[in-house]
Amino acid sequence: MKKSRPILWIVIIAAVASAGYYGWQKFGAGDAGKAQVAQKGPPRAPAIPVSVSPVQKVDFAVYLTGLGTVQGFNTVQVRSRVDGQIDKIAFTEGQIAKAGELLASIDPRPYQATLDQAKAKKAQDEASLANANLELQRAMRLGEFATAQRVDTQRSTVAQLTAQIAADDAAISNAQTQLDYTQIKSPITGVAGLRQVDVGNIVNASTQTGIVTISQVEPISVIFTAPEDQLPYISEGQKAGALKVIAFTTDGKKTLAEGTLAVINNQVDTTSGTIRLKAVFDNKDHALWPGQSVSTRLLVRTLKDATVVPDDAVQHSTNGLYAYTVNQDNKAEVHKIKVSYAIDGRSVVDEGLSPGQQVITGGQFKVQPGSLVSTAVASSDPAQNKVRRE
C-alpha cells in the first residue's frame, strides 16, 4: 500500500497537467490567434486580370462607308443600222473587243449594187456634162450668129448637169455608207457580252434587239451614296484634291480597288436624304465588273493629332459612354468620354481621356472603380497571339 500511493499521486498530477494544457490550448491560444488575425485585418482581394492598351495621339482618317453598284464607264448595245441577213459573227463572247474591230457582217450584195448604180449614174451625168460644155463652147464661138437664147439655154444645161453630178456624189457617199454599215464594228474598247443573234438571222435597223453589248471596264465607275449632312465635308475635301475611294466586297473583308471621286450629283435625293456620287477606278486587273455590288469607303478628311483608343475600351451605360483606365497603383478608374468617330476598330475620343493613359480593353465585366487589376498588354507583333503580363 505504501508503494502504490506515490504512483497514484503521479497519475493524478499528470492528469491535472494534461487538463490544464488542453484548456489553455482551447481558450487561451485561440483568443491569442484571433487577436493576431484581428490585428492583420481582412484578407486582401486578388487582383482582377485585364487587358490594357495605351491612349494614342495620331492622325485619324475619316471614311464614309456606303453601298454602291459598279457600272461600265461606257456601255453600248451594238445594233445593225441596215436591214439584212447575218453572214458572220466575228467575236467571241466575253472577249475584249477593240474599238473598230469587226463584230459581225451582213450580206453586202444589195448595198454593193446600189453603190455601183450610183457610180454609173454619175458617169452618165459626167458624159452629159462634157457634151453640154462642148455645145456651149460652139455656141459662144459662133458669136453673133448664135442667138442669146441658145447660149443662155446651153449655160443652164451645163449648170443643171453640174448640180446633178453633185447629187450623184451624195448618192454615192450614201450608198458607200450603207455598204460600210454591213460591217458591224465595235464603237469602243470593252468586254463583249452574250451574243443576241446567230448567223442566218435577219436583222432590221428599226428593231430594238441588238447584236451584242459592249461594256468598257478600263476604267470603270462605281455609283454610291453618302448622307447629305456630309456633303459640305465632301465638297471641301474635293477642292483640295481628288478624294480617295476604296471598293470592298459587300462583306467588307476584301479590298477590290482604289480610285478617286469623280462626280457629285447635281441634286440631293429628298426622299432618302442622300447624295449620289461617282468614283472612277483604273481596274487594270478587272477586279470590278459591271453590275457588281460593292461596299465603298470615301476618305473625307484626316483628323490631325486625334486622341484614339480601341473600340473595346468604350463602354456603354444609361448615362452615356465611359472607359476604365489603370492608375499608377494598378487600380481601375472610370472616365466619362465623348466619341465622335469609330472606324476600323478604333474610336476618336473628344473628351475624357489623355494620350499616354492605359485603358482597359478586356475583362471590364469584373472591374469596379478602385478595383485592383493585373494588366496584360497584347503583343505588338500581329503574327504572335501572346500576352505580356505586368
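Residues numbered from 1 in each chain as written. Predicted model: local features only at pLDDT ≥ 70, side-chain atom pairs only at ≥ 80, totals over all residues. Heavy atoms only, no water.

The subject of this paragraph is the overall build of the protein chain. For the protein chain, the count of helices and strands is four helices and 23 strands. The 390 residues of the protein chain split such that 32% are buried. Contacts in the protein chain between residues at least 24 apart in sequence constitute 74% of all its contacts with a sequence separation of at least 6. Carbon and sulfur atoms make up 53% of the accessible area of the protein chain, which amounts to about 24,100 Å² in all. (Helix = DSSP H or I, 4+ residues; strand = E, 2+ residues; numbered from the N terminus. Buried < 20%, exposed > 50% of the residue type's maximum accessible area, 1.4 Å probe, protein only. Contact = heavy atoms within 4.5 Å. Areas by Shrake-Rupley, 256 points an atom, 1.4 Å probe, with all protein chains shown as cover.)

Here the focus is the packing of aromatic side chains. For the coordinates displayed, the defined rule picks out one aromatic pair. Ring geometry for Tyr-322 versus Tyr-324: centroids 5.7 Å apart, planes at 90°, classification edge-to-face. Stacked on the ring of Phe-73, the Lys or Arg Lys-278 has its end atom at 5.4 Å from the ring centre. Note that Arg-297 overlies the ring of Phe-248, its terminal NZ or CZ placed 5.1 Å from the centroid. (Phe/Tyr/Trp six-rings, centres within 6.5 Å; stacked < 30°, edge-to-face > 60°. Lys NZ or Arg CZ within 6 Å of the ring centre and 35° of its normal.)

The buried count for strand 12 (residues 244-248) comes to four of five residues, which makes it a mostly enclosed element. Taken together, the five bridges between strand 12 and strand 13 (residues 255-269) define a ladder with antiparallel strand orientation. Looking at the pairing, Phe-248 lines up with Thr-255 of strand 13. Hairpin remark: strand 12 followed by strand 13, antiparallel, with six residues in the connecting loop; positive phi at Gly-252, about 75°. Of the strand pairs in this sheet, strand 12 and strand 15 (residues 293-310) are connected by four bridges, and their pairing is antiparallel. Across the sheet, the residue bridging to Ile-246 is Arg-297, located in strand 15. (Pairing = 2+ DSSP bridges.)

Attention now goes to the sheet that holds strand 5 (residues 96-97). An order of 3-10-8-5 is seen for the four strands of this open sheet, with the pairing classed as antiparallel. Since the sheet does not close on itself, it has two edges, and those belong to strand 3 (75-78) and strand 5, each with one partner. Pairing of strand 3 with strand 10 (residues 212-215) involves four bridges; the strand directions are antiparallel. Residue pairing across strands places Gln-77 opposite Thr-213, the latter belonging to strand 10.

With that settled, consider the environment of Ala-313. With respect to the element layout, Ala-313 can be found in the loop between strand 15 and strand 16 (315-317). Looking at Ala-313, the relative accessible area reads 1%, which means it is buried. Distance from Ala-313 to Ala-323, taken between C-alpha atoms, is 5.9 Å for residues ten residues apart in sequence. The residues contacting Ala-313, other than those within four sequence positions of it, are Tyr-322, Ala-323, Val-359, Ile-360, Thr-361 and Gln-364.

Averaged over the protein chain, the pLDDT score is 84; the fraction of residues at 70 or greater is 83%. For the stretch residues 379-390, pLDDT sits under 50, and the model shows 14 contacts to residues farther than four places along the chain or on other chains. (pLDDT = per-residue confidence, 0-100.)

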